[in-house]
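Commentary on secondary and tertiary structure
This is what each chain is made of:
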Amino acid sequence: MTDLIKKIADKEMNRRDFLKTSAVGAAMLSFIGSGGALTQVANAAEADAVVNGEGKWIPAACWYNCGGRCYNAAYVVDNVVVRQKTDDTHPDSPDFPQQRGCLRGRSMRTQVFGADRIKYPMKRKHWEPGGGDKSLRGKDEWERISWDEALDYVAVEMETAKEKYGNRSILVPSWGQYIDDYLRLLCLCGGYTTITDTASFGTYGWDVMRLGILPMDMNSANDRFDLKKSETIVLYGCNPAWSSLGSPSYHFWQAKKAGAKYVFVGPGYNDSADLLDAKWIRVRPGTDTAFLLSVAYVMITEDDQETNPIIDWDFLNRCTVGFDADHMPADAKLNENFKDYVLGKYDGQPKTPEWATEITGTPVEDILWYAREMRKDKRVSILHSFAAARCNNADDFPQLFMTIGAMGGHMGKSGHSCGVCYHAQSSNNGQSLVTAGSTGIGNQQNPVDDSIYGPVVWESILNEKYDFIGDYLMGSGASAPRESRNIDIRVIFHGTRNALQTIPGITKGIEAHRKVDFVVSCSYSLDASAQYADIVLPISTQWERHSSYGMLSSGNREILFLPSQVTEPLYEAKDDQWICAELAKRLGVDITVAFPFDEKQQYFNLIATSTVIKDDGTTYEPLATITAQDISEWGVEGTPQQGRIALKELMEQGIYQVERYEGDPYGSIAYKAFREDPETNRLHSNSGKLEIYCQAKADIINGMGFLTLKPYPSYIPALNGYEQSFSDWENKVKGDYPYQITNPHYPRRGHTTFDNVPWVREAMHNPVFINAHDAAEKGIRDGDTVLIYSKYGKVLRQASVSQQLMPGYIELPHGTWTDIDEETGIDNAGSDNILCAPETTGCGVSGYNTNLVNFEKYNGEPLEADYLKPLRIINI
Ligand SMILES: Nc1nc2c(c(=O)[nH]1)N[C@H]1C(S)=C(S)[C@@H](COP(=O)(O)OP(=O)(O)OC[C@H]3O[C@@H](n4cnc5c(=O)[nH]c(N)nc54)[C@H](O)[C@@H]3O)O[C@H]1N2
Ligand SMILES: Nc1nc2c(c(=O)[nH]1)N[C@H]1C(S)=C(S)[C@@H](COP(=O)(O)OP(=O)(O)OC[C@H]3O[C@@H](n4cnc5c(=O)[nH]c(N)nc54)[C@H](O)[C@@H]3O)O[C@H]1N2
Ligand SMILES: [Mo]
């Protein structure tokens, strides 16, 4: 027992149970998680410890996937974190802002020390080798087992699947080796089947470089200082105030102070639009292509270079191909061009605002206004999140978005940009100024090439077949012609992803989990993927190890976080690489092939190879100065080096931030060199230019076999989109699922992470947002419990009635922890993917934002607030 725990214990002699729980973690967990008198006593003891300076501040990882990577530090007393703080490493200013944390980051200790941490290896009670009663997955009791027993079981099940059905029968639904250690182990063991998930990027997830734009369109806008030179900033489906943590909203605010006017395009007027007082251009989900085509129509038909110059012909002619008949690319197979399509030459339908408004719900005058605002003599930044691309049949959105930017000439010039607003790249693009190095761990080759696209993975398991189209995830470009394959998944291995929860079609997902022979999850909390497993292996969090986690670098070009280990692993939690090594022993493979050295050495390597830009604005130098003494104190292999800052100081600070100022040498204007000299600075498309007609796009996506696209952007009504909310579109008769729904990324969570944490549950309720008119029609008032249902499932949530959504449109926050009532089949948590369709189109997109539902006032027991729900504490 440590001193702090003992002090707390001494103060609480009368409480019977306390002294029985002797382990450090156990005592601490029960304090933070439980509440009541014990917590008060603990709080008092903690406060004493802080006041007396008994501990020390350690820079602490904030690892979940929100894109923020804000500064976090933990005050540690006797292996227990008693306080947290955020960035105070330098004074705050708009040019050199502190990296302040959000409500989630600041409640990290209640997650790490949560009473609901998974403490021991466990198996479900009725599990037997080969499965046992598989229907009990998700509702069985848990039993504590030893690590040896757990690892033996997992190894045997993997080995059995491999021997009987081949490595293809092992599914790891994951993101890739940069984040998931188990994949390297599995490569050594003969491979695994994975998934292809366009996730964040939607239809930017295929090889969009073929259009001429950057991979996934990342880093495609100007830097934050240049943003201040824009007169108009369009937030196209963006909500940085909720979904781009760190400083983006602050940077946008500076641009506003500098005079920029904001425009928001999307179906719901969100907090970012509100903050920046944006003009709202209403567009229904999944109909952006129709909207932008009508914008192009107005730009084309109103443009007059003498009296009303809108289009930047110089840019279009020099830097793009395929806009009109006179500028077709050499590889074009179809004698059609964008301009003539927009004017209606091929289908008899000019893409007028009147044509669009019926589909998009955008008032005609707003389409006209938006098109005129795109004019070439206005300094415009058009920034998109990927929300409009996370829609079915949105395959033409990236090309059309680019086309509108190119028509106005809003690329490659100061004050003008056309690109991304995502994660830390919202408001601030350009090359990284301080860059994380390499751990020295290479990737392993997966001997199996099977990759199932995410939205249909559960169905493929159930049907034992799928269509292979290659693994083009994250712009690898490795798409292949469609090929039907049999697949017999026997093992689901959940590593670093909560796939059951974050892939559409949870109900089918549960069925698939109850079909296979074995499910294992490596997790620190009982999320859905662990809940429906046979065996759960407790992992340590980033606070409990040397954190060289793949997502350390945030995409924020100005900072690099280098957190340190904060505490020893709690309970019996182990890190992923330890688990890999133990499984490797049992599976007879040599793990040192994948991990030749330990995690401390990996982290050291990463730091030693991190670099920072010099003040010439182009060349880089090592970030850390490392001495022989540092190397011996770390106990690692290495060579002393001269860098910008002493290693000790760097690690004490835990962050390196490049100081920015007006006129500094770190500014960035995307596509500048290309605009100035497109012949020399060719892009990655076949023509080397921006392809408004792109033969490769049509050939690749059509080859995947879901649909037939034109090589230029055209309108295709979306699967589960607005048109399909009608049973009779001509006569405007609504169907069974008449409402459109999307899932905003919500401040209470990073996807599913944090949903179990009481502090954030209390701070942010998680209602369903419904338009006031729609709610009134159904007699629903604010706070009422609402049943929302689709073809795929039913959920309950409290209504938040709002004037900020288009009629017919609902927002259900993404990522709550599924909590299905086995009697009614209703999910009380309101998980988005219960409702979302496990279907896909085009490039194999996860079309989260094109889904249809209905809803009604719920007649059963009203839902209680989430923060009143008991934690999932497993008593074993
Ligand atoms: N309906 C709908 N679905 C969506 C979306 C949507 O908008 N709507 N958004 C999609 C998007 S954009 C994304 S990016 C995905 C995110 O999908 P996921 O990546 O599945 O979501 P997370 O909740 O972030 O899950 C990460 C998991 O990794 C675990 N973890 C963290 N660190 C470690 C570690 O060191 N080791 C191990 N073993 N585990 C660790 C966490 O506990 C957590 O369970 O969701 C997608 N799903
Ligand atoms: N707090 C928090 N932050 C996060 C995350 C998180 O889970 N929680 N996840 C991170 C990750 S991995 C991602 S990918 C990003 C996602 O971040 P964003 O891409 O910003 O995603 P959303 O919040 O889903 O959507 C933003 C806005 O898009 C609008 N919208 C929805 N559908 C459409 C459409 O079809 N067309 C148009 N024009 N607009 C539409 C909605 O009104 C919404 O306000 O967030 C990141 N940041
Ligand atoms: Mo994402």
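Cut-offs applied
- Residues numbered from 1 in each chain as written.
- Chains lettered and ligands numbered in written order.
- Predicted model: local features only at pLDDT ≥ 70, side-chain atom pairs only at ≥ 80, totals over all residues.
- Heavy atoms only, no water.
- Helix = DSSP H or I, 4+ residues; strand = E, 2+ residues; numbered from the N terminus.
- Rg over C-alpha atoms; globule rule 2.2 N^0.38 Å.
- Buried < 20%, exposed > 50% of the residue type's maximum accessible area, 1.4 Å probe, protein only.
- Areas by Shrake-Rupley, 256 points an atom, 1.4 Å probe, with all protein chains shown as cover.
- Lys, Arg positive; Asp, Glu negative; His and termini not counted.
- Charge placed at Lys NZ, Arg CZ, Asp CG, Glu CD.
- Contact = heavy atoms within 4.5 Å.
- Polar contact = N/O pair within 3.5 Å; in protein donor to acceptor, adjacent residues only side chain to side chain.
- Near = heavy atom within 4 Å.
- Nonpolar A, V, L, I, M, F, W, Y, C, P; charged D, E, K, R; others polar.
- Domains from an automatic or database assignment.
- Phe/Tyr/Trp six-rings, centres within 6.5 Å; stacked < 30°, edge-to-face > 60°.
- Lys NZ or Arg CZ within 6 Å of the ring centre and 35° of its normal.
- Pairing = 2+ DSSP bridges.
- Axes fitted to C-alpha atoms, helices over the stretch in contact; angles between N-to-C directions.
- Salt bridge = Lys/Arg side-chain N within 4 Å of Asp/Glu carboxyl O.
- Parallel < 35°, antiparallel > 145°, perpendicular 65-115°, else oblique.
- Left-handed = near helix turned anticlockwise from the far one by under 90°.
- pLDDT = per-residue confidence, 0-100.
- Core = buried A, V, L, I, M, F, W, Y, C linked by side-chain atoms within 4.5 Å.

Right, let's talk about the overall build of the protein for a bit. Looking only at helices and strands, one finds 29 helices and 36 strands in the protein. By the compact-globule yardstick of 29 Å for 876 residues, the protein fits well, its C-alpha radius of gyration being 27 Å. With respect to the principal axes defined by its C-alpha atoms, the protein has extents near 85 × 65 × 55 Å. Looking at the protein as a whole, 63% of its 876 residues qualify as buried. With an accessible surface of roughly 31,000 Å², the protein has 48% of that area assigned to carbon and sulfur atoms. When the 86 positive and 116 negative side-chain charges of the protein are each reduced to one mean point, those points stand 2 Å apart.

Here we take up helix α22 (residues 599–608). When you tally the buried positions in α22, you get nine out of 10 residues, the bulk of the element. E599, Q601, Q602, Y603, F604, N605, L606, I607 and A608 are the residues of α22 that are buried. In this structure, the buried side of α22 is in contact with α21 (576–587), β24 (624–625), α23 (628–634) and α24 (647–653). Its side-chain oxygen at 3.3 Å from the backbone nitrogen of K600, D598 defines the N-terminal cap of α22.

Okay, the site of ligand 1 next. The environment of ligand 1 is made up of 29 residues, and the closest members are R497, T502, D576, T752 and N833. With respect to ligand 1, the side chain of D576 contributes an N or O atom lying 2.8 Å from a nitrogen atom. Here a nitrogen atom of ligand 1 sits 2.9 Å away from a polar atom, N or O, in the side chain of N743. When isolated, ligand 1 has an accessible area of 920 Å², and the protein chains bury 95% of it. Grouping the amino acids of the shell around ligand 1 by side-chain chemistry returns nine nonpolar, 15 polar and five charged. Each of domain 2 (122–197 + 437–657) and domain 4 (722–868) gives at least three residues to the shell around ligand 1.

To continue, consider the site of ligand 2. In the region of ligand 2, 37 residues are neighbours, and S243, D288, R390, R749 and H751 sit closest. Contact distances for ligand 2 include 3.3 Å between a nitrogen atom and a backbone N or O atom of V265. Note that an oxygen atom of ligand 2 is positioned 3.4 Å from one of the side-chain N or O atoms of E811. Surface burial for ligand 2 is 98%, taken as the share of its 920 Å² of free accessible area covered by protein chains. Of all the elements in the fold, those that place two or more residues in the shell around ligand 2 are α8 (240–243) and β9 (261–266).

In total, this model carries 36 aromatic pairs according to the counting rule given. Seen from their ring centres, Y722 and W729 are 5.8 Å apart, and the 90° between their planes marks the pair as edge-to-face. By relative accessible area, Y722 is classed as buried at 11%. For W729, a relative accessible area of 22% gives the class partly exposed. Among the aromatic residues, those joined into a ring-pair cluster are F201, Y204, Y236, F291, Y370, F386, F397, F401 and Y422. Between the NZ or CZ atom of K351 and the centre of the ring of W355, over which it lies, the distance is 5.9 Å. Sitting above the plane of the W578 ring, K574 keeps its charged end 4.8 Å from the centroid.

It is worth spelling out unusual backbone geometry at this point. Excluding glycine, residues mostly have negative phi values, and the peptide bonds linking residues are mostly trans. The phi torsion at M216 lies on the positive side, around 55°, for a residue other than glycine. When you line up the elements, M216 lands in the loop between β7 (194–196) and α7 (224–227). Accessibility expressed as a relative area gives 11% for M216, which makes it buried. Although it is not a glycine, S427 sits at a positive phi angle of roughly 75°.

Taken domain by domain, the protein consists of domain 1 (3–112), domain 2 (122–197 + 437–657), domain 3 (208–430 + 670–704) and domain 4 (722–868). Distance from the C-alpha centre of domain 2 to the C-alpha centre of domain 3: 36 Å.

Each strand in a sheet pairs with its neighbour through backbone hydrogen bonds, running either in the same direction (parallel) or in the opposite one (antiparallel). What the three strands build is an open sheet, ordered β1-β2-β3; its pairing is antiparallel. Looking along the sheet, the strands with just one partner apiece sit at the ends: β1 (56–59) and β3 (80–85). Between one strand axis and the next, the sheet turns through 35° on average, direction left out of account. Taken together, the four bridges between β1 and strand β2 (residues 73–77) define a ladder with antiparallel strand orientation.

Here the focus is the sheet that holds strand β10 (residues 279–282). Pairing within the open sheet is parallel, and its five strands lie in the order β10-β9-β8-β12-β13. Single-partner strands in this sheet number two, and they are β10 and β13 (417–420). Each strand axis lies, on average, 20° off the axis of its neighbour in the sheet, ignoring direction. Sheet topology note: the β9/β10 ladder contains four bridges and is parallel. Across the sheet, the residue bridging to F264 is W280, located in β10.

What follows deals with the pattern of salt bridges. Summed over the entire model, instances satisfying the criterion amount to 57 salt bridges. Between R109 and E46 there is a salt bridge whose closest N-O contact spans 3.8 Å. In this pair, R109 sits in helix α4 (residues 108–112) while E46 sits in helix α3 (residues 37–51), placing the two residues 63 residues apart along the sequence. Each member of the pair, R109 together with E46, is buried. Within this structure, D148, D152, E582, K585 and R586 form a network of salt bridges that share partners.

To continue, consider the packing of helix α5 (residues 147–165) against α21. It is at 9 Å that the axes of α5 and α21 come closest, and there the two elements cross at 60°. Put simply, α5 runs oblique to α21. Relative to α21, α5 is oriented so that their crossing is right-handed. Along the contact surface, α5 presents W147, D148, L151, D152, V154, A155, M158 and E159, while α21 presents W578, I579, E582, L583, R586 and L587.

Moving on, we get to the confidence of the model for the protein. Residues of the protein with pLDDT of at least 70 account for 93%, and the chain-wide mean is 93. Low confidence marks residues 11–36, where pLDDT is under 50. Its contacts with residues over four positions away, or in another chain, come to 49 contacts.

By size, the foremost hydrophobic cluster in this structure holds 123 residues, and its most contacted members are Y236, F291, F338, Y370, M407, W458 and I788. Ranked by residues supplied to this core, first place goes to helix α11 (residues 288–302) with 10 residues. Every residue in contact with W458, bar those within four places of it in the chain, is listed here: L171, I492, A499, L500, I503, P504, G505, K508, G509, A512 and H513. If you look at the next biggest cluster of nonpolar residues, it comprises 57 residues, including A61, V76, V520 and C522.

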